[in-house]
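Chain by chain, the residues:
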Amino acid sequence: LKGQAISHDSMGVLGGNQGDLPRAVTEFERSLYASRRASDSKTETTTLNNMGDVYRRAGRYPESLKYYALAEKLADINTDRPNHYRAIDGMVVALNQQQMYQQSAVMLTRRLNIAQEQENLAQQLRSLSDLAQVQRQMGNIPQARQFYQQAIDVAQILQDPNQESLLIERMVSLTDDDNQR
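Procedures and definitions
- Per chain, residues are indexed from 1 in the order of the written sequence.
- Only residues with pLDDT of at least 70 get local features here, since the model is predicted, and only at 80 or more are side-chain atom pairs given and counted; chain-wide, interface and lining totals rely on the full set of residues.
- Note that the side-chain values use all heavy atoms of the structure and ignore hydrogens as well as water.
- Fitted lines through C-alpha atoms serve as axes, helices being fitted only where they are in contact, and the angles separating the N-to-C directions of these axes extend from 0 to 180 degrees.
- To qualify as a helix, a DSSP run of H or I must reach at least 4 residues; to qualify as a strand, a run of E must reach at least 2; elements of each kind are numbered from the N terminus.
- In this scheme, roughly parallel covers angles under 35 degrees and roughly antiparallel covers those over 145, while 65 to 115 is roughly perpendicular and the rest are oblique.
- When the near helix sits turned anticlockwise from the far one by under a right angle, the crossing is termed left-handed; a clockwise turn instead gives a right-handed crossing.
- The contact criterion used throughout is that any non-hydrogen atoms of two residues lie within 4.5 Å.
- Three exposure classes are used, based on accessible area relative to the maximum for each residue type with a 1.4 Å probe and protein chains only: buried under 20%, partly exposed in between, and exposed over 50%.
- N or O atoms within 3.5 Å of each other form a polar contact, as long as, within protein, one can give a hydrogen and the other can take it, and as long as residues adjacent in sequence are counted only when both atoms are side-chain atoms.
- For this analysis, a nonpolar core means a set of buried residues of the types Ala, Val, Leu, Ile, Met, Phe, Trp, Tyr and Cys, connected via side-chain atoms within 4.5 Å.
- For this analysis, a salt bridge means a side-chain nitrogen from Lys or Arg found within 4 Å of a carboxyl oxygen belonging to Asp or Glu.

*Asks:* Can you explain the packing of helix 3 (residues 41-57) against helix 5 (residues 81-97)? Please cite residues and give values.
*Replies:* Relative to each other, helix 3 and helix 5 sit at 15 degrees, their axes nearing to 10 Å. If you check the angle between helix 3 and helix 5, you find them roughly parallel. Between helix 3 and helix 5 the crossing geometry is left-handed. Contact with helix 3, carried on its side by K42, T45, T46, N49, N50, D53 and R56, involves N83, R86, A87, G90, V93, A94 and Q97 of helix 5 and no other residues of that element.

*Asks:* Break down the side chain of D53 for me, citing the residues and quoting the values.
*Replies:* Its place among the elements puts D53 in helix 3. Given the relative accessible area of 14%, D53 is considered buried. One polar contact links D53 to Y68, side chain to side chain, over a distance of 2.4 Å. When sequence neighbours within four positions are dropped, the list of residues in contact with D53 reads Y68 and R86.

*Asks:* So what's going on with the nonpolar core? Residues and values would help.
*Replies:* In terms of nonpolar packing, the biggest core is built from 32 residues, with M107, L125, L128, L131, Y148 and L167 touching the most fellow members. Secondary structure elements with two or more residues in this core: helix 4 (61-77), helix 5, helix 6 (101-118), helix 7 (121-137), helix 8 (141-157) and helix 9 (161-180). Once residues lying within four places of it in the same chain are set aside, the contact partners of L167 are L125, S129, Y148, A151, I152 and A155. Counting residues in hydrophobic clusters, the runner-up holds 13 residues, among them L21, V25, Y55 and A71.

*Asks:* Which residues make up the pattern of salt bridges, and what values do they have?
*Replies:* One pass over the structure, following the stated rule, counts eleven salt bridges. The shortest N-O distance in the salt bridge between R111 and D89 comes to 2.6 Å. With R111 in helix 6 and D89 in helix 5, the pair connects residues that are 22 residues apart, well separated along the chain. Here the two residues R111 and D89 agree in accessibility, since each one is buried. Linked through salt bridges whose partners overlap, the residues forming this network are D89, R111, R126 and D130.

Take a look at the structure:
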């Protein structure tokens, strides 16, 4: 059953990549059925995320958010961090595409908290950088600056000069944007 679940999930991804939403959804539903019967929560969570992706790319955001939320809940229960981050990231993209930045900031704060609990600096860096971007979109320049500075600090700890330079550049352009307002 686990092999069937993975196979149907792959066929769903293929259908989604070809723009065939009905085929993708049918294959994903088959994958969910098989993964649940096999008690394979990892494949189930991956399939839920894939369903979120397909619906998001089709511009069907309510369905997309529903599947990402299910994936996030299941990933949290099973401590499946890669799928947990992926579900949150999918929700953030769907929310940002709808200009729902406040809700996006809530999800990114949740993502940051998970990364901090794990002491995962790379994920903290990504979360802080994304939070800065969302705050910038909302026009919250002081908060954006604060998140960029925190991200820069983490990039320095990680000894990642490329990321540090990029973040400094974004923070400087943020200052330029602020001066133009």
